[in-house]
Amino acid sequence: MTDAAALPGQPRGGAPGPATARAVNVLAPNASAMTLDGTNTWIVAEPDSDLAVVIDPGPLHEGHLSNVVDPAEKAGKRIALTLLTHGHPDHAEGAARFAELTGTRVRALDPALRLGDEGLGAGDVITVGGLELRVVPTPGHTADSLCFHLPADRAVLTGDTVLGRGTTVVAHPDGRLGDYLDSLRRLRSLTVDDGVHTVLPGHGPVLEDAQGAVEYYLAHRAHRLAQVETAVEDGYRTPAEVVAHVYADVDRSLWPAAELSVRAQLDYLAEHGLI
């Protein structure tokens, strides 16, 4: 059995529930090869406050949405705001219904996902009941991807930009590899300059070594990019051909997602005159 401390990011074991002093995970029942154990919905609040923020309500599943409201209410907290890391359905589909249940606004980068007048953008600081969340733009997985820096817990909520296990998809054409690499470097700066050490991901376990996780992601992307470049040089031309060659050791059920990343990599290589 592999020691978790030896894995990228040092994933934490244990069931969903409290992850830091201010963040509680409620796991959605939508496990799959793409969503891992399911979507992590996060309830975030100051310990002594009666107000809470929910990040990524998840899929439109009444039982799950109730399971998010219930622990907050049992802890004496009213959900005052809903935030989205990005618009993929496994994170955002339930947001409108959740807003009905809680009477909250929904803030997101994409105007189409918002309920209320306020969106989210780079440099925004959200304060609710003494809680502070700083908006970090992290496009790449999707164009509208955001992370939320939780300074008091030295943590960052990463959506799909960094997962608790494995690596994420650059969802071409909306997602772009150059943007994604810049976003990873931005997260690395948080770990170096702002002392962030915990990743609260959109899927998978909490990571105790944020810098190690981000460094692993950057190395992985560089390695895959080199593999794709070599594959093209060797005569593999279409994205499907490149996937079958480069991702031969990956479960074939994940090849459609891998093809999105390959398309993003091919675009990146072409833009930089490397193919």
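No experiment lies behind these values; they were computed from the predicted model shown.

1. Looking at the sheet that holds strand β2 (residues 40-44)
Link 1 in the chain: Spatially, the five strands line up as an open sheet ordered β1-β2-β3-β4-β5, and their pairing is mixed. The open sheet has two edge strands with one neighbour each: β1 (23-27) and β5 (106-107).
Link 2 in the chain: Alignment of strand β3 (residues 51-55) against strand β4 (residues 78-83), held across five bridges, turns out to be parallel. Bridged to Ala52 within β4 is Ile79.
Link 3 in the chain: Of the strands in this sheet, β3, β4 and β5 are in contact with helix α3 (residues 95-102), which crosses β4 at around 160°.

2. Topic: α3
Link 1 in the chain: Of the positions making up α3, those classed as buried are Ala95, Phe98, Ala99 and Thr102. With its buried residues spanning 105° around the axis, α3 presents them on a single face.
Link 2 in the chain: Contacts from the buried residues of α3 go to β3, α1 (62-74), β4, α2 (89-92) and β5.
Link 3 in the chain: Immediately downstream of α3, the backbone of Gly103 shows phi near 70°, a positive value.

3. A few points about helix α5 (residues 210-233)
Link 1 in the chain: Helix length check: α5, at 24 residues, gives a terminal C-alpha distance of 35 Å against a target of 34 Å (1.5 Å per residue), a fit within 8%.
Link 2 in the chain: When α5 is considered as a whole, its buried residues turn out to be Ala210, Ala213, Val214, Tyr217, Leu218, His220, Arg221, Arg224, Leu225, Val228, Ala231 and Val232.
Link 3 in the chain: Those residues of α5 hidden inside the fold are in contact with α4 (177-193), β10 (198-201), α6 (239-246) and α7 (255-271).
Link 4 in the chain: Downstream of α5 by a residue or two, Gly235 has a phi angle that is positive, lying close to 105°.

4. Quick notes on the environment of Leu218
Link 1 in the chain: Here Leu218 lies in helix α5.
Link 2 in the chain: If near-sequence neighbours (up to four positions away) are discounted, Leu218 is found in contact with Leu181, Leu184, Arg185 and Arg188.

5. Regarding the pattern of salt bridges
Link 1 in the chain: Taken as a whole, this structure holds 13 salt bridges when the rule is applied.
Link 2 in the chain: Note that Asp153 is salt-bridged to Arg22, the shortest N-O span being 2.5 Å. Of this pair, Asp153 sits in the loop between β8 (146-150) and β9 (155-159) while Arg22 is found in the segment before β1, placing the two residues 131 residues apart along the sequence. Here Asp153 matches Arg22 in class, with each residue buried.
Link 3 in the chain: Close ionic contact of Glu62 with Arg97 constitutes a salt bridge, the shortest N to O distance being 2.8 Å. Highlighted residues: Glu62 in helix α1 and Arg97 in helix α3, separated in sequence by 35 residues.
Link 4 in the chain: The class for Glu62 is partly exposed, based on a relative accessible area of 40%.
Link 5 in the chain: Assessed through its relative accessible area of 28%, Arg97 is described here as partly exposed.
Link 6 in the chain: Through salt bridges with shared partners, one network takes in Arg22, Glu46 and Asp153.

6. Overview of the pairing of β10
Link 1 in the chain: Every second residue of β10 is oriented toward a common face, with Thr198 and Leu200 on one face and Val199 and Pro201 on the other, all of them buried.
Link 2 in the chain: Summarising the sheet, β9 and β10 pair through four bridges and their orientation is parallel. For Leu157, the partnering residue across the bridge sits in β10 and is Leu200.
Link 3 in the chain: Tracing the backbone out of β9, into α4 and back to the parallel element β10 gives a crossover that is right-handed.

7. Points about the nonpolar core
Soluble, globular proteins show a tendency: their nonpolar side chains are buried together.
Link 1 in the chain: Formed by 35 residues in total, the largest nonpolar core has its most connected members in Val156, Val162, Leu177, Leu184, Leu187 and Tyr247.
Link 2 in the chain: Mapped by element, the contributors of at least two residues to this core are α4, α5, α6 and α7.
Link 3 in the chain: The leading source of residues in this core is α5, at nine residues.
Link 4 in the chain: What Val156 contacts, discounting residues up to four positions off in sequence, is Cys147, Phe148, His149, Leu187, Leu190, Val196, Thr198, Val199 and Leu200.
Link 5 in the chain: Among the nonpolar cores identified, the runner-up in size contains 23 residues, and Trp42, Ile126, Leu133 and Leu146 belong to it.

8. Considerations on the pairing of β9
Link 1 in the chain: The buried fraction of β9 amounts to five of the five residues, a majority that puts the element mostly inside the structure.
Link 2 in the chain: Pairing of β8 with β9, which is carried by three bridges, proceeds in the antiparallel orientation. Bridging from a neighbouring strand, Leu150 pairs with Ala155 of β9.

9. Topic: the sheet that holds strand β6 (residues 125-128)
Link 1 in the chain: Spatial strand order, β6-β7-β8-β9-β10: five strands in an open sheet with mixed pairing. Lying at the two open borders of the sheet, with one neighbouring strand each, are β6 and β10. For this sheet, the mean inter-axis angle between neighbouring strands, taken without regard to orientation, is 25°.
Link 2 in the chain: Relative to strand β7 (residues 131-137), β6 is paired through four bridges, and the arrangement is antiparallel. Across the sheet, the residue bridging to Ile126 is Leu133, located in β7.
Link 3 in the chain: Against the sheet, α4 makes contact with β7, β8 and β9, and its axis sits at roughly 145° relative to β7, the strand it touches most.

Rules of the game
All chains use their own residue numbering, which begins from 1 and follows the written sequence. Whole-chain, interface and lining totals are the exception, using all residues; otherwise, since this is a predicted model, local features are given only for residues with pLDDT of at least 70 and side-chain atom pairs are given and counted only at 80 or more. Just so you know, side-chain values use all the structure's heavy atoms and leave hydrogens and water out. One requirement defines pairing of two strands: DSSP has to find at least two bridges between them. A run of DSSP states H or I qualifies as a helix once it reaches four residues; a run of E qualifies as a strand once it reaches two. Both are numbered from the N-terminal end. Contacts are residue-level and defined by heavy atoms, with any inter-residue pair within 4.5 Å sufficient. Orientation is described by lines fitted to C-alpha atoms, with helices fitted over the stretch in contact, and by angles between N-to-C directions that extend from 0 to 180 degrees. Between buried and exposed lies partly exposed: a residue is buried under 20% and exposed over 50% of the maximum accessible area for its type, with that area taken using a 1.4 Å probe on protein chains only. The arc refers to the directions leading from the helix axis to the C-beta atoms. By definition here, a helix of n residues has an expected span of 1.5 Å times n minus one. Any Lys or Arg side-chain nitrogen found within 4 Å of a carboxyl oxygen on Asp or Glu counts as a salt bridge. Call a crossover right-handed when, viewed with both strands pointing away from you, the route from the first strand across the helix to the second goes clockwise. In this text, buried Ala, Val, Leu, Ile, Met, Phe, Trp, Tyr and Cys residues form a nonpolar core when linked through side-chain atoms within 4.5 Å.

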